[in-house]
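Read off the chains here:
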Amino acid sequence: MQPGSIRLNTKTSFTKAMFAVVWKDLIAEVRGKELISAMLVFALLVIFIFNFALELDPKTRSALTAGILWVTITFAGTLGLNRSMAVEKDRGCLDGLLLAPVDRTAIYFGKSLANWIFMVIVALIVLPIYSILYNTNIISPALLLVIVLGSEGYVAIGTLLASMAVQARTRDILLPILLFPVILPVLIAAVKASAGILNGFPLEDLQTWFNLLIVYDIIFTSVAFMVFDSVVEE
Amino acid sequence: MKKPVALKVLDIVTIIALLGATAMVFFYAPIERVMGAVQKVFYFHVAAGWVGMLSFLFAAVAGIIFLVKKKKIWDLVGVAAVEIGIIFIFINIVTGSIWARPIWNTWWTWDPRLTTATIMELVYIAYLMLRQGIDDPERRARFGAVYAIVGFLSVPLTFFSIRIFRTIHPVVIAGSDPTAVGTFDMTPAMFQTLMVGIVVFSILFVDLVWHRIRLGQLANQVEEMKFNLQD
């Protein structure tokens, strides 16, 4: 390098850019505490509504727990996804991100990873609360694995659709309508696997559902990765 | 923009073919021994389902081509296919219900095929709502293409997920499940009627897509004219 010349590092590495986006989201969340608190309060409200709507009692609830858990996670998830993209859009942060000389899919993976972390955190708080409220222990490593796998597929396609929804006129109502019919396969596999675990089936019997979850995660992540560029290009 | 002669001819061919297919269903195909006349719903039920699936495949392919080539025409093809697909899958679901009422003794069951068809319908209604919510035509086309691809990918996965449970829907072509309710063996006349039905509905599909694309082009022209008038 010639003396006095400025070394222009125009290409930031993919992982570095991705973790920069994740880090930005985590810092913003630690300082603002908007997203997780909203998701959490909403999740608790959903559980309470289920409690009254279904009159949960010890006999019926064991069969329902998996369903209630996933409906709660799904609904709280849409709230988080919407918010996470809306803050980017509102003050032109998304344009700033897109102007950065990095691979745009790094931004997508960064946002997805951050959303994934938020969803898992919410689930980690909801599970013990649910256990206390209904006086049973539903926490187990297998269930946590299902939640981690299920929410990965959910945020993979959710982040993509949320970044479309926030650019629409009807953005507040659009995301759940776009997301729920598409995310159904992941939801079915996750609910079935969770129900099996909560009923104490041996893990070998649930192998199919775990495999399906992993396959769906891979498919949804790679498709979102391929089309994300056309969602944000202007 | 005058209506092309080829389209006029196709219109007439479609009408005649539809009448012919209907006549075949009523007069050529024999009455099924166990189920009786209600089985005749089957020919148009399968044909409509076929056209619906074909439309959504078209929409997904048009979406991919649009994202690569960025030509406006592929967006028009996509919308045309989705709108037509929604109608035909709706026909498919309704005719299925009419058949299921006497045969399964219920309008609806949570069978994989029924559930998947309805979810598919919801995916594409969401597609139309997404388009409605976006004003910029270029962005609307891009997002429509992306959602058509994602939606088309998700539908078979949904089917597969539910399929792991036992199904009662009869599989008449290739394969027989002894637990299915309302299955039957097709006679040659029935098979011919079904095939004619599928071909005729495919012609109808081409005709409708053509009309819808033409409508889209005309709408674009009107929009351009309005824009020019404002200057």
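Our structure is the block above this text.
As a starting point, this report considers the structure included with it. (Residues numbered from 1 in each chain as written. Chains lettered and ligands numbered in written order. Predicted model: local features only at pLDDT ≥ 70, side-chain atom pairs only at ≥ 80, totals over all residues.)

## A short note on the overall build of chain A
Counting secondary structure elements, chain A contains 8 helices and 0 strands. Along its sequence from the N terminus, chain A presents helices and strands in the succession α-α-α-α-α-α-α-α. Taking 2.2 N^0.38 as the reference for a compact globule, 234 residues should give roughly 17 Å; the C-alpha atoms of chain A span a radius of gyration of 20 Å, in line with that estimate. The dimensions of chain A, computed from C-alpha atoms along their principal axes, are 75 × 35 × 30 Å. Taking all 234 residues of chain A together, 43% fall into the buried category. A separation threshold of at least 6 residues defines the contact pool for chain A, and within that pool the share at least 24 residues apart is 80%. (Helix = DSSP H or I, 4+ residues; strand = E, 2+ residues; numbered from the N terminus. Rg over C-alpha atoms; globule rule 2.2 N^0.38 Å. Buried ≥ 20, exposed ≤ 12 C-beta atoms within 10 Å, placed from the backbone. Contact = placed C-beta atoms within 7 Å.)

## So, the nonpolar core
Grouped burial of nonpolar side chains is what soluble globular proteins tend to show. Core analysis: the biggest nonpolar cluster contains 126 residues, and Ile157(A) and Leu178(A) have the highest contact counts within it. Per-element accounting of this core gives the leading share, 17 residues, to helix α7 (residues 171–198) of chain A. Residues within four places of Leu178(A) in sequence aside, it is in contact with Leu161(A), Ala165(A), Ala126(B), Leu130(B) and Tyr147(B). (Core = buried A, V, L, I, M, F, W, Y, C linked by C-beta atoms within 7 Å.)

## As for the interface of chain A and chain B
At the junction of the two partners, chain A supplies 23 residues and chain B supplies 25 residues. Counting residues per element, the ones that place at least two in the side of chain A that touches chain B are α6 (141–165), α7 and α8 (207–232) of chain A. It is α7(A) that contributes the most residues to the side of chain A that touches chain B, 9 residues altogether. A class-by-class count of the residues in the side of chain A that touches chain B yields 18 nonpolar, 4 polar and 1 charged. (Nonpolar A, V, L, I, M, F, W, Y, C, P; charged D, E, K, R; others polar.)

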